[in-house]
Amino acid sequence: MHKSQVVGALMILVGAAVLILLSSFVVSVIVTLLELLAVLAGIVLILGGIMMLLFGRRRWRRGPWGWDAPATA
């Protein structure tokens, strides 16, 4: 075996060992990010619900909706 092949095999082994040792850390980071996304989605839903209750549906409509909307030219 050439020296570069030995170094390459060592790099693969060290990289695999690092990934195995840090796998719980990586998983915890991913879970934390997913939890943050869930919290943000919950906040947006709650705020949207409050706005709908306070202002009603008419406040959000800016124009006619549906198939029979008049064309503007």
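Before reading further, recall that the structure is shown in the block above.
In this text, all values refer to a predicted model and were calculated from it rather than measured experimentally.

Counting its secondary structure elements, the protein contains one helix and zero strands. Split into buried and exposed, the 73 residues of the protein put 0% on the buried side. Here the protein has roughly 7200 Å² of accessible surface; of this, 75% comes from carbon and sulfur atoms.

Another point: helix α1 (residues 3-55). The terminal C-alpha atoms of α1, which comprises 53 residues, lie 73 Å apart, in line with the 78 Å expected from a rise of 1.5 Å per residue. Of all the bends found along α1, the most pronounced is centred on Leu22 and spans about 55°. Phi for Gly56, located one or two positions after α1, is positive at around 80°.

How each quantity is defined
Residues numbered from 1 in each chain as written. Predicted model: local features only at pLDDT ≥ 70, side-chain atom pairs only at ≥ 80, totals over all residues. Heavy atoms only, no water. Helix = DSSP H or I, 4+ residues; strand = E, 2+ residues; numbered from the N terminus. Buried < 20%, exposed > 50% of the residue type's maximum accessible area, 1.4 Å probe, protein only. Areas by Shrake-Rupley, 256 points an atom, 1.4 Å probe, with all protein chains shown as cover. Expected span 1.5 Å × (residues − 1). Bend = angle between axes of the 7 residues up to and from the residue.

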